Amino acid sequence: NCLVYVDGIVEGGLSDMTEFETQGIEVGPGRHTITWTYTFNPVPLPGFPSIPGDRIGAVFIDDVYLRPIDAIPMTPSPTVSIVSTVSPSSSPTPSPALTTVAPTSIPPGAIYYGGFEKGTFPDGYGEWGTAGDASWELTTERAASGVYSIRSPDLGLDNITPFTSNVTFFTNPAWNDGTVVYSVLSGVAMPYDDLILYVDGVIRDNLSNMVEFETKQIQVGPGAHQIVWSYRFNPIKLAVMPPLPNSHIGAAFIDDVYFLPAGFTSAPSTGPPASLPVPGTAAPTIVVRPPTAPPTDQSPISVSPTPPLAPTTIAPTSTPPEALYYDGFERGTFPSDIEWSVAGDGLWELSSERATSGVFSIKSPMLIDADDTPTKNANVTLSTNPTWGDGTLYYSVLAGVNMPFDDLLLYVDGELRAELSGMTEFQVEKIELGPGRHTITWSYKSNPNQLDNFPPLPSGRIGSAFIDDVYFVPGGAPGLPAVPTGSPIASIGSTTTSPSVVAANTPSPNVASVDEFFDGFETGDLTALDWSLSGEQKWMVDETKPFEGIFSAHIRTDDISTPDGFAQLDLGVDLATAAFVQFYFYAPVSMPFESFNLQVDG
């Protein structure tokens, strides 16, 4: 596509022309910058449909000139108007074009505003894209202001085939940091449908159960960003839908999208800002669900500093190097520790049922069973030391919960950061934190959608969440593996240590030195280190997607021959001293289709 910017503000999109057309841009006095930006594959699509035979695939600009406007009064609006004539003119004087058919106004300070009042979406909105099984569309059914908004597609409830439809807003790469503000009416509810907000591929919010428009905010850093609202119908793939509630709207509407540079404020939002994650925070590999508000029933949290690191364990766990704080819950004193608090309809408790290391972890309360379907929640909160600088909080979690029965939400300072579910073993997660005090809350909720009756409980369901091995490592701590920009890494450890340290085992006579321990797979096979295969032996070394060099090791879903098959790659590590095992990985997998799990010593 081709977008036209005036002084950094998107003024229109130009496309689908077969001959030159004359365009006019009305500007006020003073200096202005007019930018034409050509973008290839802006959505972006993994593959293209068939190319039309008459497609040109290029943009041409000619005959650029300026003519003062003497007879036409200037409009004080901070926007400009792009008007078009079908054929070239020798001395064109464009008339002001109406950009709105309804009385909407541009928020003070905004350098971009889209109220969809041109009535042409998606045409003429080059900064927007819609993709999926069906397209978002312009509507007059509901609007936050003016006449128009955009809404999710309606394929009718007679067809219960699951589908997904995305609408994406592409921010201007020239913008500095600021706030994207939008109005949303998400009249969706599980298990029928849901609306998920992604920012640059990371889930930032779940929006549902609204009956009127609400204003939301997204803090973004400088540069280009992709804001995606993803509408999903029948997301948990039910064969038969329960009866629809009378209040169910069954659609999502978006209106009044604008960008405020840093230093400007918008009207108060009706929900917490959906801030961009701190760099390095990964999107959870989970099945998403409708949102709940950040926990409000917390008991008062002590502002006392988190106690200094001290021997806290009665079981053989070890403290991660460089950690300022570590709790493996092995003292057996939770929840009386000053930095922890619990609240809600039930209380998290110490448990020896499951642990990622040592004997103890903490476990969510039992709030639900197959015959009782109350909607309740239970929160556990860690309050960090206000004297800490920036750094990373690590924790191990086993979220053995499943929608629509229950789920586990993670909040940082009242903002939803992740939704965790469908786990069968502990996983290590991390949270990047800035300096100062923070509250990290894990909120377990039963029957989040307030169903009157549950479907049959799945076999093998755990029905609880467990947390273990919580620790904080300051930013820039020496000895920790560096995280290259855009390249995820994993640091692994034994089951009796913290998640990021490899325990020192009794060395064999043939212990390899750290300098010798490397495999870039450039031999084209799995012979450089002590690799072994189990399950379906389909791991391959080839040129499909190397991080660097020519080769990498990979496995594909298509390589697995059975519905419940697996392919395991094992690396034998024999070290004389503790060390980090670092590797680069690319795992574009998602539940419930497939998963990629990392295990250490089983």
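As the structure is a prediction and not an experimental result, all values here were calculated from the model.

Conventions used here
- Residues numbered from 1 in each chain as written.
- Predicted model: local features only at pLDDT ≥ 70, side-chain atom pairs only at ≥ 80, totals over all residues.
- Heavy atoms only, no water.
- Helix = DSSP H or I, 4+ residues; strand = E, 2+ residues; numbered from the N terminus.
- Polar contact = N/O pair within 3.5 Å; in protein donor to acceptor, adjacent residues only side chain to side chain.
- Contact = heavy atoms within 4.5 Å.
- Phe/Tyr/Trp six-rings, centres within 6.5 Å; stacked < 30°, edge-to-face > 60°.
- Buried < 20%, exposed > 50% of the residue type's maximum accessible area, 1.4 Å probe, protein only.
- Lys NZ or Arg CZ within 6 Å of the ring centre and 35° of its normal.
- Pairing = 2+ DSSP bridges.
- Axes fitted to C-alpha atoms, helices over the stretch in contact; angles between N-to-C directions.
- Salt bridge = Lys/Arg side-chain N within 4 Å of Asp/Glu carboxyl O.
- pLDDT = per-residue confidence, 0-100.

1. Notes on the side chain of Ser-165
- Tracing the backbone through its elements, the reader meets Ser-165 in strand β10 (residues 163–170).
- At 2.6 Å, the side chain of Ser-165 and the backbone oxygen of Ala-134 are in polar contact.
- In this structure, Ser-165 is in contact with Thr-130, Ala-131, Gly-132, Ala-134, Ser-135, Trp-136, Pro-153, Trp-229, Ser-230 and Tyr-231, ignoring residues within four places of it in sequence.

2. Observations concerning the packing of aromatic side chains
- Taken as a whole, this structure holds 24 aromatic pairs when the rule is applied.
- When the centroid spacing of 5.7 Å and the interplanar angle of 40 degrees are considered together, the rings of Phe-116 and Tyr-125 count as tilted. Here Phe-116 and Tyr-125 have matching classes, each one buried.
- When the centroid spacing of 6.0 Å and the interplanar angle of 45 degrees are considered together, the rings of Tyr-325 and Trp-388 count as tilted. Here Trp-388 lies in the loop between β21 (376–383) and β22 (391–400) and Tyr-325 lies in strand β17 (residues 325–327), a separation of 63 residues in the sequence.
- In this structure Trp-388 comes out as buried when scored by relative accessible area, which is 10%.
- Ring pairs connect the aromatic residues Tyr-112, Phe-116, Phe-121, Tyr-125, Trp-128, Phe-169, Trp-175, Tyr-182, Trp-229 and Phe-259, which therefore count as one cluster.
- Over the ring of Tyr-125 we find Lys-118; its NZ or CZ atom is 4.5 Å from the centre of that ring.

3. Quick look at the sheet that holds strand β24 (residues 415–420)
- The strand order across the open sheet formed by five strands is β18-β21-β26-β23-β24, and the pairing between neighbours is antiparallel. Unpaired on one side and paired on the other, β18 (340–344) and β24 mark the two borders of the sheet. Neighbouring strand axes in the sheet, compared pairwise and without regard to direction, differ in orientation by 20 degrees on average.
- Of the strand pairs in this sheet, β18 and β21 are connected by five bridges, and their pairing is antiparallel. Counterpart to Trp-340 in the pairing with β21 is Leu-382.

4. Structural notes on the pairing of strand β11 (residues 178–187)
- In terms of burial, β11 is largely enclosed, as 10 of its 10 residues are buried.
- In this structure, β11 lies alongside strand β14 (residues 214–220), joined through seven bridges in antiparallel fashion. Along β14, the bridge assignment pairs Thr-179 with Gln-219.
- Alignment of β11 against strand β16 (residues 251–261), held across nine bridges, turns out to be antiparallel. Looking at the pairing, Ser-186 lines up with Ala-252 of β16.

5. Quick look at the sheet that holds strand β13 (residues 202–207)
- One open sheet holds the five strands; their spatial order is β7-β10-β15-β12-β13, and the pairing between them is antiparallel. Edge positions in the sheet fall to β7 (128–132) and β13, since each has one partner strand and no second. The average angle at which neighbouring strand axes cross in this sheet is 20 degrees, direction not considered.
- Pairing analysis gives five bridges linking strand β12 (residues 193–199) to β13, with the strands arranged antiparallel. Counted as the bridge partner of Ile-196 is Asn-206 from β13.

6. Topic: the environment of Ile-34
- Its place among the elements puts Ile-34 in strand β4 (residues 34–38).
- A relative accessible area of 34% means that Ile-34 is categorised as partly exposed.
- For Ile-34 and Gly-8, which are 26 residues apart along the polypeptide, the C-alpha to C-alpha distance reads 8.1 Å.

7. Structural notes on the pattern of salt bridges
- Using the criterion set out here, one finds seven salt bridges in the structure.
- Between Lys-538 and Glu-536 there is a salt bridge; the shortest N-O distance is 3.6 Å.
- Taking relative accessible area as the criterion, Lys-538 reaches 32% and is therefore assigned partly exposed.
- Taking relative accessible area as the criterion, Glu-536 reaches 15% and is therefore assigned buried.
- Note that Asp-559 is salt-bridged to Arg-556, the shortest N-O span being 3.0 Å.
- The class for Asp-559 is buried, based on a relative accessible area of 12%.

8. A look at the confidence of the model for the protein
- For the protein, mean pLDDT is 74; residues scoring 70 or higher make up 73% of the total.
- Ranking the elements of the protein by mean pLDDT puts strand β28 (residues 489–491) last with 30 and strand β9 (residues 149–151) first with 95.
- When the criterion is pLDDT under 50, residues 267–316 qualifies, and its contacts beyond four places in sequence or with other chains add up to 140 contacts.
- Confidence drops under pLDDT 50 across residues 478–512; counting only partners more than four residues distant or on other chains, this segment forms 93 contacts.

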